[in-house]
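Listed here are the chains, written in short residue letters.
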Amino acid sequence: MPFARLVEPTRLKVVDVVAEALAAVLARPGRAALTALGTLLGVASFVAVLGLTSTASGQISAEFTKLEATQVTVEDVAANPQPNDIAFPDNAEQRVKRINGVNAAGVYWTGRGADHTVSARPGVARSDATQGIQVYAASPGFFKAIHAHLATGRTYDAFAENTQQRVCVLGVAAARELGISDVEQQPAVFVDGKPFTVLGIFDDAERIPESLLGVFIPDRSYTAAWGSPKPGTVAAHMVIDTRLGAADVVGDQVQVALRPDEPTRFQVNVPLSPKELTRQVNNQLQGLFLLLALICLAVGAVGIANTTLVAVLERVGEIGLRRSLGARPRHIAAHFLAESAALGLLGAMAGTSLGVVTVVAVAWVKSWTPLLDPVIVLPAPLVGGVMGLLAGVYPAWRASRIEPTEALRR
Amino acid sequence: MTLATEPVINLQQVARTYTGPPAVKALANVNLTVSRGEYVSVVGPSGSGKSTFLNVLGLLDRPTSGRYLLDGIDGAELSERDRTALRGRRIGFVFQAFHLLSHRTAVENVMLPQLYTGMPRKKRRRQALDMLERVGMAHRAEGQAGQLSGGERQRVAIARALVNGPSLLLCDEPTGNLDSETAATVLQLIDELHSQGLSVLVVTHDSGVARRAQRTVMIKDGKLEVQLHAVPAFPEEGP
Ligand SMILES: Nc1ncnc2c1ncn2[C@@H]1O[C@H](COP(=O)(O)OP(=O)(O)OP(=O)(O)O)[C@@H](O)[C@H]1O
Ligand SMILES: [Mg+2]
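Conventions we followed
Residues numbered from 1 in each chain as written. Chains lettered and ligands numbered in written order. Predicted model: local features only at pLDDT ≥ 70, side-chain atom pairs only at ≥ 80, totals over all residues. Heavy atoms only, no water. UniProt positions renumbered as here; feature names shortened; annotations may be inferred. Contact = heavy atoms within 4.5 Å. Buried area = accessible area lost by both parts, 1.4 Å probe. Salt bridge = Lys/Arg side-chain N within 4 Å of Asp/Glu carboxyl O. Polar contact = N/O pair within 3.5 Å; in protein donor to acceptor, adjacent residues only side chain to side chain. Helix = DSSP H or I, 4+ residues; strand = E, 2+ residues; numbered from the N terminus. Nonpolar A, V, L, I, M, F, W, Y, C, P; charged D, E, K, R; others polar. Near = heavy atom within 4 Å. Areas by Shrake-Rupley, 256 points an atom, 1.4 Å probe, with all protein chains shown as cover. Phe/Tyr/Trp six-rings, centres within 6.5 Å; stacked < 30°, edge-to-face > 60°. Buried < 20%, exposed > 50% of the residue type's maximum accessible area, 1.4 Å probe, protein only. Pairing = 2+ DSSP bridges.

Under an unreviewed UniProt entry, the name given to chain B is ABC transporter ATP-binding protein, and the organism recorded is Planotetraspora thailandica.

An unreviewed UniProt entry lists chain A under the name ABC transporter permease, from Planotetraspora thailandica. Word for word, the UniProt comment on chain A under Sequence similarities (unreviewed entry) is "Belongs to the ABC-4 integral membrane protein family."

Have a look at this one:
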């Protein structure tokens, strides 16, 4: 008769292993807490670091204004610009506005190269001319593209541009300098002695704030009066206002829309997307802190390994007893593995809670919105459990090799 | 032969030599048969080989030569797995040092042996409580083992030894850590268990303890001398 049928082998159910491990851990809560402290701190710092960086960068994303996210600028970067070539075609504005997602666009260049004199009266000597005022040539869409807010009057339109009318729009600082506050009487500004009728004054511009010091003349009126800007002295720019989220797509299409023949002539500046910005912030901050958290976790694992090994030596009698009751070496190993895993798991669970509380508390103090990725929070306790399990491998192996006769000798 | 007529213990020329250095012949050519329901005590001076003998009987140790049949099953032919199973299911151990888990309750300690039989927890608990009742410890079932008195601990340990329904109760100095009054109650309990049909083998220094058995065998220098119903005379002890 086979012996296996005479005596049924002993076995140990997984649920019983778990129950025994929990009972052993809870039998000495103080010791368990101290053992799990390293894992607790490691996991807590892990969760706190990741949570705080994501919260902080979430804050940056929130403060990353719509204004910056919807601005595209285009510059002429030609190596050898030809005379009378301002790079942007006459109908640049119309071409760009046809791109899906564009709200407004304007071409502009400063008249600095022409070194204009500006005054409110005709026939003023250069030396007496008002200082600090800048003359710009700008296409009509420019004002909408920089979110200019009119204090009085109106801006010029495509008709005024096409008919090369001698009109202008003033920034509020330039208007104050020139002593003009009212456009009802159709006052004129003299640029190099040429009169330009003031149509309106704007008192605020969200983009290109220096435009408040500017005298803006329709681009074609400017070229009619002074010709195109001298190459190499002045570069023309374009500023584009896009719909939220469209900046990248618009940026991709602008060059071809402007100059299908020579798209590389332009450099297009699109805003950093909030996602990219977040990544930059994360990369800078997280690396070091995560390294510290990892060290903390490793120290925690060593702590568990050490305590479990001490427990094995301390509980030699218990091991012998269990062997005498029918436990096989693998059952003994399972007991100690489960205990160290339970310690790791409990420590990591407490650590996760502590980390989450830290993030929420910091966010509350700074009145930020706490931002925690479930991909980090949910597996954190499991990571602790796995570390505990690994930490228990050597002690469990030692425990399983203890001879019951040795263990019971007292 | 059926299990009922089979002797519980059948030792034939059993020897155990510890490979030193120096090599120690702790047991030499031991022959012993213990029938079902018998109560046998083992005495002998210190270092004579009593614990070695008990380890062999309890399948914790393998004899270097000879045959040992427990319930007619030859332990030498079994794998470690089956020896462990035989030990867990057929033998109940009672130790001088009790070996209770001091941070667990009495009933949890008694539930321990059936952990390794895969029995559901509820059933284990019920049987453990029954067994505590039987040893007169039901009232302390939820008490921490570490807080029990010595006599109470040994009774809990006996309940633990009995819960798997063993063929044999092996006791190594069961009263060694108890005062004489407490020892008497524990020995009384063992007597009762024997009268209910349990096979018992007690290893002891104490002639008073040995005398309670139906039969006493004596070990000297690893050799067994059978003394039917006789009390060995130790020079330091009175009659
Ligand atoms: N693991 C071992 N390795 C080597 N020698 C051993 C080992 N265990 C016991 N011995 C020796 O075997 C002999 C018998 O030891 P054993 O422990 O069986 O004696 P005992 O009768 O139980 O003594 P006591 O009454 O003091 O407990 C002793 O000489 C002892 O030194
Ligand atoms: Mg001994």
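Asker: Break down the interface of chain B and chain A for me, citing the residues and quoting the values.
Answerer: Each side of the interface is counted separately: chain B has 32 residues, and chain A has 33 residues. Both faces considered, chain B and chain A share a buried interface measuring about 3100 Å² in area, 62% of it formed by carbon and sulfur atoms. Broken down residue by residue, the surface that chain B buries against chain A is led by Arg81, His99 and Tyr116 of chain B, which jointly contribute 23%. Linking chain B to chain A there are two salt bridges. In this structure, Glu20 of chain A and Arg104 of chain B form a salt bridge, with 2.9 Å as the shortest nitrogen-oxygen distance. For the pair chain B and chain A, the number of links is 10 residue pairs in polar contact (both at pLDDT 80 or more). Elements represented by at least two residues in the side of chain B that touches chain A include exactly α2 (80–90), α3 (106–115) and α4 (121–134) of chain B. When grouped by side-chain class, the residues that make up the side of chain B that touches chain A number 14 nonpolar, seven polar and 11 charged.

Asker: Mind laying out the site of ligand 1, listing which residues take part and the relevant values?
Answerer: In the region of ligand 1, 14 residues are neighbours, and Ser46, Gly47, Lys50, Ser51 and Thr52 of chain B sit closest. More than one chain lines the surroundings of ligand 1; the residues nearby belong to chains A and B. Here Tyr18 of chain B contributes a side-chain N or O atom positioned 3.5 Å from a nitrogen atom of ligand 1. Measuring from an oxygen atom of ligand 1, one finds a backbone N or O atom of Gly47 of chain B at 2.8 Å. Its free accessible area being 630 Å², ligand 1 has 65% of it covered by the protein chains. Sorting the residues of the shell around ligand 1 by element identifies β2 (24–34) and α1 (50–57) of chain B as the ones contributing at least two each. Ranked by the residues each element gives to the shell around ligand 1, the list is headed by α1 of chain B, at three residues. When the residues that make up the shell around ligand 1 are grouped by side-chain class, the tally is four nonpolar, seven polar and three charged.

Asker: So what about the packing of aromatic side chains? Which residues, and what values?
Answerer: Residue and element names in this part refer to chain A. Counted according to the given criterion, the structure contains 15 aromatic pairs over all chains. Pairing Trp109 with Tyr222 gives two aromatic rings, centres 6.0 Å apart and planes at 90 degrees, and the pair type is edge-to-face. On the criterion of sequence distance, the pair formed by Trp109 in strand β2 (residues 102–110) and Tyr222 in helix α9 (residues 219–226) is long-range, its members being 113 residues apart. Taken as a pair, Trp109 and Tyr222 share a single burial class, namely buried. Note on Phe196 and Trp226: the rings are 5.8 Å apart at their centroids and 15 degrees apart in plane angle, and the pair reads as stacked. With a gap of 30 residues between them, Phe196 in strand β8 (residues 194–205) and Trp226 in helix α9 connect regions that are remote in the sequence.

Asker: Could you give me a rundown of the sheet that holds strand β4 (residues 65–70) of chain B, with the residues and numbers involved?
Answerer: All names here are of chain B. Strand order across the open sheet formed by four strands is β2-β1-β4-β5, with antiparallel pairing between neighbours. The open sheet is flanked by β2 and β5 (73–74), the only strands paired with a single partner. Taken together, the five bridges between strand β1 (residues 9–18) and β4 define a ladder with antiparallel strand orientation. Note on β4: the bridge partner recorded for Leu11 is Tyr68.

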